[in-house]
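# Observations on the model geometry
Read off the chains here:
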Amino acid sequence: MAGRVKNAKKLFLTGIVLLLVLSTGCMNKSTELADGFDEDELKKVSGQVVDQINKNDYDTFLEYAGDELAESISKDKFENEVVAYVNSKGAFQSYGKQAVIGQKYDKTGEDCGVVVMAAEYENGTIQYTISFTKDMKLNGLWLK
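None of the values given here were measured: they were computed from a predicted structure. (Residues numbered from 1 in each chain as written. Predicted model: local features only at pLDDT ≥ 70, side-chain atom pairs only at ≥ 80, totals over all residues. Heavy atoms only, no water.)

### A short note on the overall build of the protein
Put simply, the rule reads: The helix count covers DSSP runs of H or I at least four residues long, the strand count covers runs of E at least two residues long, and both are numbered beginning at the N terminus. Burial here depends on accessible area, computed with a 1.4 Å probe over protein chains only, as a share of the maximum for the residue type. Under 20% is buried, over 50% is exposed, and the range in between is partly exposed. Contacts are assigned to residue pairs that have any heavy atoms within 4.5 Å of one another. In this description, accessible areas are obtained by the Shrake-Rupley approach with a 1.4 Å probe, and a residue is regarded as covered only by the protein chains that are shown.
Scanning the protein from terminus to terminus reveals five helices and four strands. Moving toward the C terminus, one meets the helices and strands of the protein in the order α-α-α-α-α-β-β-β-β. For the protein, buried positions account for 39% of its 144 residues. Partitioning the contacts of the protein with sequence separation of at least 6, the portion at a separation of at least 24 is 62%. Of the roughly 7900 Å² of accessible surface on the protein, a fraction of 50% belongs to carbon and sulfur atoms.

### Considerations on the sheet that holds strand β2 (residues 111-121)
Heads up, the condition is: The criterion for strand pairing is that DSSP finds at least two bridges linking the strands in question. Axis angles are defined between N-to-C directions and span 0 to 180 degrees, where every axis is a line fitted to C-alpha atoms and, for a helix, only to the segment in contact.
Taking strand neighbours across the sheet as the criterion, the four strands line up as β1-β2-β3-β4 in an open arrangement whose pairing is antiparallel. The open sheet has two edge strands with one neighbour each: β1 (92-104) and β4 (138-143). Strand after strand, the sheet turns through a mean of 20 degrees between neighbouring axes, direction not considered. Bridging between β2 and strand β3 (residues 124-132) involves nine bridges; their strand directions are antiparallel. Of the residues in β3, the one forming a bridge with Y121 is G124.

### Focus: the confidence of the model for the protein
This is how the line gets drawn: A residue's pLDDT is simply how confident the predictor is in it, with values from 0 to 100.
Per-residue confidence for the protein gives a mean pLDDT of 85; residues scoring 70 or more make up 79%. Counted against residues more than four places away or in other chains, residues 11-24, with its pLDDT under 50, gives 24 contacts.

### Describing the packing of aromatic side chains
Defined as follows: Aromatic pairs are defined between Phe, Tyr and Trp rings, using the six-membered ring for Trp, whenever the two ring centres lie within 6.5 Å; interplanar angles under 30 degrees are classed as stacked, those over 60 as edge-to-face, and all others as tilted.
The full count for this structure, using the stated rule, is four aromatic pairs. When the ring of F61 is compared with that of F78, the centres are 4.9 Å apart and the planes differ by 40 degrees; the resulting orientation is tilted. Of this pair, F61 sits in helix α3 (residues 58-64) while F78 sits in helix α5 (residues 75-87), and the two are 17 residues apart along the sequence. No difference in accessibility class separates F61 from F78, as the two residues are buried. Through successive ring pairs, a cluster of aromatic residues spans Y58, F61 and F78.

### Details of the environment of I73
If you trace the backbone, I73 turns up in the loop between α4 (67-72) and α5. Classification of I73 by relative accessible area gives buried; the value is 1%. The sequence separation of I73 and L62 amounts to eleven residues, and the corresponding C-alpha distance is 9.1 Å.

### Some points on the side chain of Q52
Along the chain, Q52 turns up in helix α2 (residues 39-54). Q52 sits in the buried class, given a relative accessible area of 9%. Excluding its chain neighbours within four sequence positions, the residues that come into contact with Q52 are D57, T60, F61, Y64 and F78.

### As for the nonpolar core
Applicable threshold: Throughout this description, the term nonpolar core refers to a set of buried Ala, Val, Leu, Ile, Met, Phe, Trp, Tyr and Cys residues connected via side-chain atoms within 4.5 Å.
Within the largest apolar cluster, 30 residues are counted, with the highest numbers of intra-cluster contacts made by I53 and Y128. When contributions to this core are tallied by element, the ones reaching two or more residues are α2, α3, α5, β2, β3 and β4. In this structure I53 touches F61, F78, V82, V83, V86, Y128 and L141, once residues within four positions along its chain are discounted.

Printed below as a string of structure tokens:
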């Protein structure tokens, strides 16, 4: 029992670290999706990003990432924090609800497209918040 509590605490702390480490993207007031973004494309690419996490495919994940995000997440961090957290929920089952909003990137004022989506796993649900630049480069990823 003590081991389960210790593991639960470790996973919780990992989740918090993930939020802090990967918070390089859009974090501002929600707005309508800006011109130049396609809602269906944002949903499609978000699913592809989650698929790469589920497959532990760091190299393909990086193909989606913008420069800032790519620099902030090493292969070790991807595997030991992101993938480890996802694996703690068991096997992927299906995607749930999705919502798309627009936000401004705090550092530059650039428009971002943000997808909030649920992914069902055999031992729970993960809410992904995934943000993209207008050129569809991943610039933010949050899991909870």
